[in-house]
Amino acid sequence: MVTGASRGLGRALATGLAREGYDLIIDARNAAALEAVAGQIRAAGGHVTAVAGDVTDPAHRAALLAACPGRLDLLVNNAGTLGASPLPALADYPPGELRAAFEANVIAPIALIQLLLPMLRARGGAVLNITSDAAVEAYAGWGGYGAAKAALEQASNVLAAEELAIRVWWADPGDLRTDMHQLAFPGEDISDRPLPEAIVPAFLRLVTERLPSGRYRAAHLLPAAR
Ligand SMILES: NC(=O)c1ccc[n+]([C@@H]2O[C@H](COP(=O)([O-])OP(=O)(O)OC[C@H]3O[C@@H](n4cnc5c(N)ncnc54)[C@H](OP(=O)(O)O)[C@@H]3O)[C@@H](O)[C@H]2O)c1
């Protein structure tokens, strides 16, 4: 299962996993964009169930659970939000926007893990939570997003200590040329950032080599960096 798979990193990961032979369940809020990605994966011979909805909505999370065929090997919590944009200083961060960033980036992934854990435990499966360098670096303006990603990182860390039957990875993909990155740098030319497809081989290593639970950076996992 890959959340937030209608564009950006989620689409690239879903496409890469389909190529590896995974049957997929994908989501995003925009149903048309999600269905377009599902169509591309099917056209390439992949199997995919698309469930449109918002990960912060408990009913949608229940629909994702219902879409599972009684088993699940991997959950990729990729869907996320930058929060307020342009990025405000914490001094000015609207509390409502802060709450929404935590809902999407922390509460929803943990709640989805809770729903899917029984199936993941049964299969010796894995959770990959997509985080960010903003979780550990202090970039001015990134306090809301960064604090939420830091919370997701520590939740992952504790989950890894508690759930010894599964793998729990939390991983920083690095800067990528996506809509979210453009939103963070409005008006800036981001064409020097790599496309998300470039780091898919890095994250596939987690899965294919079943690397130990822990924090990873895509740049360190890329085959060229070994
Ligand atoms: N791009 C970077 O440089 C970068 C760096 C570090 C970390 N990351 C992380 O990488 C992940 C992917 O980012 P990206 O750059 O690929 O972002 P993106 O281009 O904005 O794509 C986000 C995806 O998530 C979906 N999504 C967003 N909110 C959702 C929600 N509430 N429920 C369901 N789906 C939702 C979006 O579709 P809808 O809008 O249709 O829902 C879209 O498919 C995020 O967790 C991000 O924090 C990105």
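Scoring rules and cut-offs
Residues numbered from 1 in each chain as written. Predicted model: local features only at pLDDT ≥ 70, side-chain atom pairs only at ≥ 80, totals over all residues. Heavy atoms only, no water. Near = heavy atom within 4 Å. Polar contact = N/O pair within 3.5 Å; in protein donor to acceptor, adjacent residues only side chain to side chain. Areas by Shrake-Rupley, 256 points an atom, 1.4 Å probe, with all protein chains shown as cover. Helix = DSSP H or I, 4+ residues; strand = E, 2+ residues; numbered from the N terminus. Nonpolar A, V, L, I, M, F, W, Y, C, P; charged D, E, K, R; others polar. Buried < 20%, exposed > 50% of the residue type's maximum accessible area, 1.4 Å probe, protein only. Arc of directions from axis to C-beta. Pairing = 2+ DSSP bridges. Axes fitted to C-alpha atoms, helices over the stretch in contact; angles between N-to-C directions. Salt bridge = Lys/Arg side-chain N within 4 Å of Asp/Glu carboxyl O.

How should the site of the ligand be read in this particular structure?
Among the 29 residues in the neighbourhood of the ligand, the closest are listed as Ser6, Arg29, Asn78, Tyr145 and Thr178. The separation between an oxygen atom of the ligand and a polar main-chain atom of leucine 176 is 2.8 Å. In isolation the ligand has 880 Å² of accessible area, and contact with the protein removes 95% of it. Breaking the shell around the ligand down by element, the ones donating at least two residues are helix 1 (8-19), strand 1 (24-28), helix 5 (143-162) and helix 6 (179-184). Per-element accounting of the shell around the ligand gives the leading share, three residues, to helix 6. When its residues are assigned to classes, the shell around the ligand shows ten nonpolar, twelve polar and seven charged.

Looking at this structure, I do not really get helix 3 (residues 58-67). What am I missing?
Helical geometry note: an α-helix holds 3.6 residues per turn, so side chains three or four residues apart project in the same direction. Residues His60, Arg61 and Leu64 constitute the buried set of helix 3. What you see down the axis of helix 3 is that its buried residues fit within an arc of 100°, all on one side. Exposed residues pointing more than 90 degrees away from the buried face of helix 3 are listed as Pro58, Ala59 and Ala66. Among the residues of helix 3, the N-terminal cap falls to aspartate 57, whose side-chain oxygen and the backbone nitrogen of alanine 59 are separated by 2.9 Å.

Even after reading the chapter, I still don't get the sheet that holds strand 4 (residues 126-130), so can you show me in this structure?
Whenever strands of a sheet pair, they do so through backbone hydrogen bonds, lying parallel or antiparallel. Across the sheet, four strands lie side by side as 3-4-5-6; this open sheet has parallel pairing. Two strands close off the open sheet at either side, each with one partner strand: strand 3 (74-77) and strand 6 (214-217). Each adjacent strand pair in this sheet contributes to an overall mean axis angle of 20°, direction not counted. Of the strand pairs in this sheet, strand 4 and strand 5 (residues 167-172) are connected by five bridges, and their pairing is parallel. Bridged to alanine 126 within strand 5 is arginine 167.

I would appreciate a short explanation of the pattern of salt bridges in the present structure.
Between side chains of opposite charge, a pair can form when the charged atoms approach closely. For the coordinates displayed, the defined rule picks out nine salt bridges. In this structure, glutamate 153 engages arginine 215 in a salt bridge whose closest nitrogen and oxygen atoms are separated by 2.7 Å. Taken together, the residues glutamate 153 in helix 5 and arginine 215 in strand 6 connect sequence positions 62 residues apart. Classification of glutamate 153 by relative accessible area gives buried; the value is 7%. The shortest N-O distance in the salt bridge between glutamate 209 and arginine 205 comes to 2.9 Å. Judged by relative accessible area, which is 33%, glutamate 209 ranks as partly exposed. Through salt bridges with shared partners, a single ionic network connects Glu188, Asp192 and Arg193.

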